[in-house]
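# Structural description and commentary
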Amino acid sequence: MDLAHWLGRAVEQHEKWQDGHGPRPGHPALDVADADLSAAFDALAERLDGSYPFFHPRYAGQMLKPPHPVAVTGYLAAMLVNPNNHALDGGPTSSALEEEVVEALAAMFGYREHLGHLTSSGTLGNLEALFVARESHPGRGVAFSAESHYTHARMCHLLGVDAYTVPVDARGRMDLDALERLLSTGAVGTVVATMGTTGLGAVDPLHRILERTRPAGVRVHADAAYGGFFTLLAEPEPEPEPGTVPGLEPGPEPRNAPAPGPALVDPAPWRALPSCDSVVVDPHKHGLQPYGCGAVLFRDPEVRRFYGHDSPYTYFTSARPHLGEISLECSRSGAAAAALWLTLRLFPLTRAGLGRVLAPGRRAALRWAGLIGASPRLDLYQPPDLDIVTYYPHGAPPVLSRVAAASEEIMREGMRGGDDAVFLSTSRVSAGAFTARRPDAVADAEDTRILRSVLMKPEAEPYLDRLHARVEALAAGALGAARAGAAVGEARRG
Ligand SMILES: *Cc1c(COP(=O)(O)O)cnc(C)c1O
C-alpha cells in the first residue's frame, strides 16, 4: 500500500469534515513560515537518521517494529481530531471504536462477558489488574515468576501489596512445585502467569497453574502483553488458500497442497486463557500498532465496583458508562483506538487474519533453533516457545566469562558494516540458569550474557538464512578473538 496516498486521504477527509462546520477564523499566533519549518524539519530528520532500522529484518534485537501503514493511516485520521477516550465528552466516536476493539480482544481470549479498555501500555494494564486483585483479595500478596516482567514487583510496591517471586524451571517457566508450596502458606491471593516472558519468550503453564489456584480460591492474571496474540496460532494450521502457495491453484482437482499442519504453539496454556480472571495484551507489540496501545480485560464485569469515582467536570454528555469510569488513567489517545479498529478490519483476530502475520516469525524461530542446534559455532540456549530465540557462541565446554565477552562482541560487531549489519540484543542470565541448561558449563562468573533475537516481523522468515550466516560468521570471529585473548592471558600468567 502507498502510505503517502493514504496519509493524503486521511488529511483530505479531515479537511472535508472541518469544512462541514462552516467558515472559521484563523489566528496569526499559530502561523509558521515554511522556510522555518523546513529548517527545523531538516534538523529533526537528521536526528531520526540515527535510529536503528527496526523495519528491516536485519534488525532482530528487541521487541520493536514499525506500525503497519494501515494503523498509521487510522491513527493519523483520528489524531487530526485528537479525541480523548477518557470520557464520551472527549471522544464519542473513538470511545465506540474502543468498545468494539476491546470486544474483539475479549472474544479472542474466549471471554463471554468482560470489562475492559485500552491503556497507554502493558505496564498500566498490569497495574490495573493488580489493583483489582488487591481489592478483591485484600491482605494477600501477588506471586509472579522470576522471569516475569520487572514491573510486577514495582507495581506491587506501588500498591503496597506483598510480592512473591516464584522460581522458574530449566525452560524459564514458572516452577509448579515451588508455586504449590507458596500457595500452601495462604499468603498469596493472586498469581500472575506470563504468556511469553520478555527475555526468553517462555510461556508459563497456565493450565497447570489454574489447577493449583482454583481449589485455593486464588485469582489468576495472565500477563500476555507480549505473547497474547499467539493464541491465534494455538489451533491447527488451516489449509492454505488457493493462490497463496505457488503451484496451488483453485479447482476441483486434488490439490498439491501441504496438509493442515499442527498448531504452531503448544495449545494447552492458550486454551486456558478463558478461565483467567484478567489478561493484559499489548497491541503495540504484536498487534501492528504504534506505541500507546495496551489493553486490560477482566472476565467478571462486576469488578467495575472497584473503580468507583466521579468527576465534577466530565461525564455529562451521556448516561452510558464512560471509559474513564473503569480506568485508572485519565486522558488517553482516541487515535490509538481508531488505529487498532482500522487494523482489525484488515487483520481480524483469526488465524487467517492477524495470525498470518505472526506465523512467519514463529516458523522462522523454529527453523533458526534447528540451524543453531546444528551449527558448530553457535549453541541454542533453549528451544523457543514463541518467536524469541536465545543462543550463544559455541564452547566445549562453555566458559561463562568467555560466553559473555563473545556475545557482547558479536552484538557490537554485528551493528557495524552497512549491508552486512545485524542488530541483535543480549540478555543477562545467572550462572544457575545457564548450568541448568548446560551442566558441563564452567561457571567462572556469577552470570553471563547470551544473545537474544526477537523475530517479530514476518520478513524474518525470508531473511533467516542471511541472518544466520552473518551471526555464524560473527561467532567465528568472536570465538577466535576470545581464544586469542585467553591465550594471551594464560601466557601472561605463565
Ligand atoms: C512489554 C511487557 C510488559 C510491559 O508493557 P509496556 O507496554 O512496555 O509497558 C509487561 N509484561 C510483559 C510480559 C511484556 O512483554
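Residues numbered from 1 in each chain as written. Predicted model: local features only at pLDDT ≥ 70, side-chain atom pairs only at ≥ 80, totals over all residues. Heavy atoms only, no water.

Helix and strand counts for the chain stand at 15 helices and eleven strands. For the chain, whose C-alpha radius of gyration is 25 Å, the value lies close to the compact-globule estimate of 23 Å for 494 residues. Principal axes of the C-alpha set define a box for the chain whose edges measure 85 × 65 × 60 Å. Among the 494 residues that make up the chain, the fraction classed as buried is 49%. Contacts in the chain between residues at least 24 apart in sequence constitute 74% of all its contacts with a sequence separation of at least 6. Total accessible area on the chain stands at roughly 23,300 Å², and carbon and sulfur atoms take up 55% of it. The centroid of the 46 positive side-chain charges in the chain is displaced by 5 Å from the centroid of its 58 negative side-chain charges. (Helix = DSSP H or I, 4+ residues; strand = E, 2+ residues; numbered from the N terminus. Rg over C-alpha atoms; globule rule 2.2 N^0.38 Å. Buried < 20%, exposed > 50% of the residue type's maximum accessible area, 1.4 Å probe, protein only. Contact = heavy atoms within 4.5 Å. Areas by Shrake-Rupley, 256 points an atom, 1.4 Å probe, with all protein chains shown as cover. Lys, Arg positive; Asp, Glu negative; His and termini not counted. Charge placed at Lys NZ, Arg CZ, Asp CG, Glu CD.)

Before going further, it helps to spend a moment on the state of the cysteines. Applying the stated criterion across every chain, the model contains zero disulfides. C276 provides the cysteine sulfur closest to C156, a residue in no disulfide bond, and the two sulfurs are 17 Å apart. Exposure remark for C156: the relative accessible area of 0% places this residue in the buried category. (Disulfide = S-S within 2.5 Å.)

Right, let's get into the site of the ligand. Around the ligand sit 14 residues in total, of which G122, T123, D223, D282 and K285 are the nearest. Contact distances for the ligand include 2.6 Å between an oxygen atom and a side-chain N or O atom of D282. In this structure, an oxygen atom belonging to the ligand sits 2.9 Å away from a side-chain N or O atom of K285. Summarising the interface, the protein chains cover 88% of the accessible area of the ligand, which totals 380 Å² for the free molecule. Counting residues per element, the ones that place at least two in the shell around the ligand are α5 (122-136) and α10 (283-286). Broken down by element, the shell around the ligand gets its largest block of residues, three residues, from α5. When the residues that make up the shell around the ligand are grouped by side-chain class, the tally is two nonpolar, nine polar and three charged. (Near = heavy atom within 4 Å. Polar contact = N/O pair within 3.5 Å; in protein donor to acceptor, adjacent residues only side chain to side chain. Nonpolar A, V, L, I, M, F, W, Y, C, P; charged D, E, K, R; others polar.)

Turning our eyes to something else, we now look at the sheet that holds strand β11 (residues 447-454). Taken in spatial order, the four strands of this open sheet run β8-β9-β11-β10, and their pairing is antiparallel. The open sheet is flanked by β8 (378-382) and β10 (425-430), the only strands paired with a single partner. Looking at each pair of strands side by side, their axes are set apart by 45° on average, direction ignored. In this sheet, strand β9 (residues 388-393) lies alongside β8 in antiparallel orientation, the contact comprising four bridges. Its bridge partner being in β9, L378 is matched across the sheet by P393. In this fold helix α12 (residues 355-374) packs onto β8, β9 and β11, with an angle of close to 15° to the strand it touches most, β9. (Pairing = 2+ DSSP bridges. Axes fitted to C-alpha atoms, helices over the stretch in contact; angles between N-to-C directions.)

For the rest of this paragraph, the subject is the pairing of strand β6 (residues 278-281). Of the two faces of β6, both are covered, the one formed by S278 and V280 as well as the one formed by V279 and V281. With four bridges joining them, strand β5 (residues 219-224) and β6 adopt parallel strand pairing. Across the sheet, residue A222 finds its bridge partner in β6, namely V279. Summarising the sheet, β6 and strand β7 (residues 294-298) pair through four bridges and their orientation is antiparallel. When the bridges of β7 are listed, S278 appears paired with F298.

What follows concerns the sheet that holds β7. Read from one edge to the other, the open sheet built from seven strands follows the order β1-β7-β6-β5-β4-β2-β3, with strand pairing classed as mixed. The open sheet has two edge strands, β1 (115-119) and β3 (163-166), and neither has a second partner. Averaged over all pairs of adjacent strands, the angle between strand axes in this sheet comes to 20°, irrespective of strand direction. Helix α4 (residues 92-108) contacts β1, β6 and β7 of the sheet and is inclined by roughly 115° relative to β1. Strand contacts of helix α6 (residues 151-159): β2 (141-145), β3, β4 (188-194) and β5, with the helix running at about 170° to β2, the strand carrying the most contacts.

All right, on to the pattern of salt bridges then. Applying the stated criterion to the full structure yields 21 salt bridges. Residues R412 and E408 are paired through a salt bridge, measuring 3.1 Å at the closest nitrogen-oxygen approach. In this pair, R412 and E408 are both assigned in helix α13 (residues 400-415), four residues apart and thus about one turn of the helix distant. A salt bridge links R470 to D420; the nearest nitrogen and oxygen atoms lie 3.9 Å apart. Of the two residues, R470 is situated in helix α15 (residues 460-493) and D420 in the loop between α13 and β10; the sequence distance between them amounts to 50 residues. In this structure D420 comes out as partly exposed when scored by relative accessible area, which is 42%. Through salt bridges with shared partners, one network takes in E180, R208, E211 and R212. (Salt bridge = Lys/Arg side-chain N within 4 Å of Asp/Glu carboxyl O.)

What follows is about the domain arrangement of the chain. Note: interface size is frequently given as the accessible area lost on complex formation between the parts. According to the domain assignment, the chain contains domain 1 (73-232 + 265-350) and domain 2 (357-488). A separation of 32 Å is found between the C-alpha centroids of domain 1 and domain 2. Taken residue by residue, the interface counts 24 residues in domain 1 and 16 residues in domain 2. Taken together, both faces of the contact between domain 1 and domain 2 bury some 1,700 Å²; the carbon and sulfur share is 62%. Linking D385 and R173 is a salt bridge whose minimum nitrogen-to-oxygen distance equals 2.7 Å. Scanning the region where domain 1 abuts domain 2 turns up nine residue pairs in polar contact (both at pLDDT 80 or more). Along the lines of polarity and charge, the residues of the side of domain 1 that touches domain 2 split into twelve nonpolar, eight polar and four charged. (Domains from an automatic or database assignment. Buried area = accessible area lost by both parts, 1.4 Å probe.)

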